[in-house]
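# Inside the fold
Next come the chains, spelled out residue by residue.
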Amino acid sequence: MLGAILPLTDHLIFTRPEYPRAMDPHLLFRRSPGTLPSHEVIPSLPRALERAQAAAGPKDLVLICGSLFTVGEALSHLDPQAHPPES
């Protein structure tokens, strides 16, 4: 999937959710196919989201890809009222 997304990106942030089976983002980066655009590794998903939001311009799109654990944690961070974190 990463190979399909790479040509469409200007900047890529590798991260992971707080889930024990999630792949280390450094390893994911090392296994990436082809030449990467501008990129960085931020192991904390909330910090990665904050970085992406800060770097994005008003007409930019921030795309969050990964497992349901990644998307669920991102939703909890972005809108904790509508998507409260599970305990």
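A brief look at the structure comes next. (Residues numbered from 1 in each chain as written. Predicted model: local features only at pLDDT ≥ 70, side-chain atom pairs only at ≥ 80, totals over all residues. Heavy atoms only, no water.)

### Describing the pattern of salt bridges
Quick reminder of the rule: The salt bridge criterion pairs a side-chain nitrogen of Lys or Arg with a carboxyl oxygen of Asp or Glu, the two atoms within 4 Å. Helix numbers and strand numbers start at the N terminus; a helix is a DSSP run of H or I with at least 4 residues, a strand a run of E with at least 2.
Counted according to the given criterion, the structure contains one salt bridge. A salt bridge links Arg 51 to Glu 40; the nearest nitrogen and oxygen atoms lie 3.1 Å apart. Placement of Arg 51 in helix H3 (residues 45-55) and of Glu 40 in strand E2 (residues 38-44) is noted, with a sequence separation of 11 residues between them.

### Structural notes on the environment of Pro 85
Using the following cut-off: Each residue's exposure class comes from its accessible area (1.4 Å probe, protein chains only) as a fraction of the maximum for that residue type: buried when under 20%, exposed when over 50%, partly exposed otherwise.
Among the structural elements, Pro 85 can be located in the segment after helix H4 (68-78). Classification of Pro 85 by relative accessible area gives exposed; the value is 58%. In sequence terms Pro 85 and Arg 47 are 38 residues apart; their C-alpha atoms lie 16 Å from each other.

### Quick word on the packing of aromatic side chains
Any pair of aromatic rings gets described here by the distance separating the centres and the angle formed by the planes. The line we're drawing: Each Phe, Tyr or Trp ring, with Trp reduced to its six-membered ring, pairs with another whose centre is within 6.5 Å; inter-plane angles below 30 degrees give stacked pairs, above 60 give edge-to-face pairs, and intermediate values give tilted ones.
Taken as a whole and judged by the stated rule, the model has two aromatic pairs. With a centroid separation of 5.7 Å and 70 degrees between ring planes, the pair formed by Phe 14 and Phe 29 is classed as edge-to-face. Highlighted residues: Phe 14 in strand E1 (residues 11-16) and Phe 29 in helix H2 (residues 25-30), separated in sequence by 15 residues. With a centroid separation of 3.8 Å and an interplanar angle of 15 degrees, the aromatic rings of Tyr 19 and Phe 69 are classed as stacked.

### Considering the packing of H3 against H4
Spelled out, the test is: To obtain an axis, a line is fitted to C-alpha atoms, over the contacting stretch when the element is a helix, and the angle between two such axes runs from 0 to 180 degrees between their N-to-C directions. Each crossing is labelled by how the near helix is turned from the far one, with a counterclockwise turn of less than a right angle marking it left-handed and a clockwise turn marking it right-handed. The contact definition used throughout considers only heavy atoms, calling two residues in contact when any of these lie within 4.5 Å. Residue type decides the class: Asp, Glu, Lys and Arg count as charged, Ala, Val, Leu, Ile, Met, Phe, Trp, Tyr, Cys and Pro as nonpolar, and the leftover types, Gly among them, as polar.
Direction vectors running N to C along H3 and H4 enclose 65 degrees, while the axes themselves pass 10 Å from each other. Classified by chirality, the crossing of H4 by H3 is right-handed. Contacts between H3 and H4 involve Leu 45, Pro 46, Leu 49, Glu 50 and Gln 53 from the first element and Thr 70, Glu 73, Ala 74, His 77 and Leu 78 from the second. Residues belonging to the contact of H3 with H4 are distributed by class as follows: five nonpolar, three polar and two charged.

Everything listed is a geometric property; what it means functionally is a separate question.
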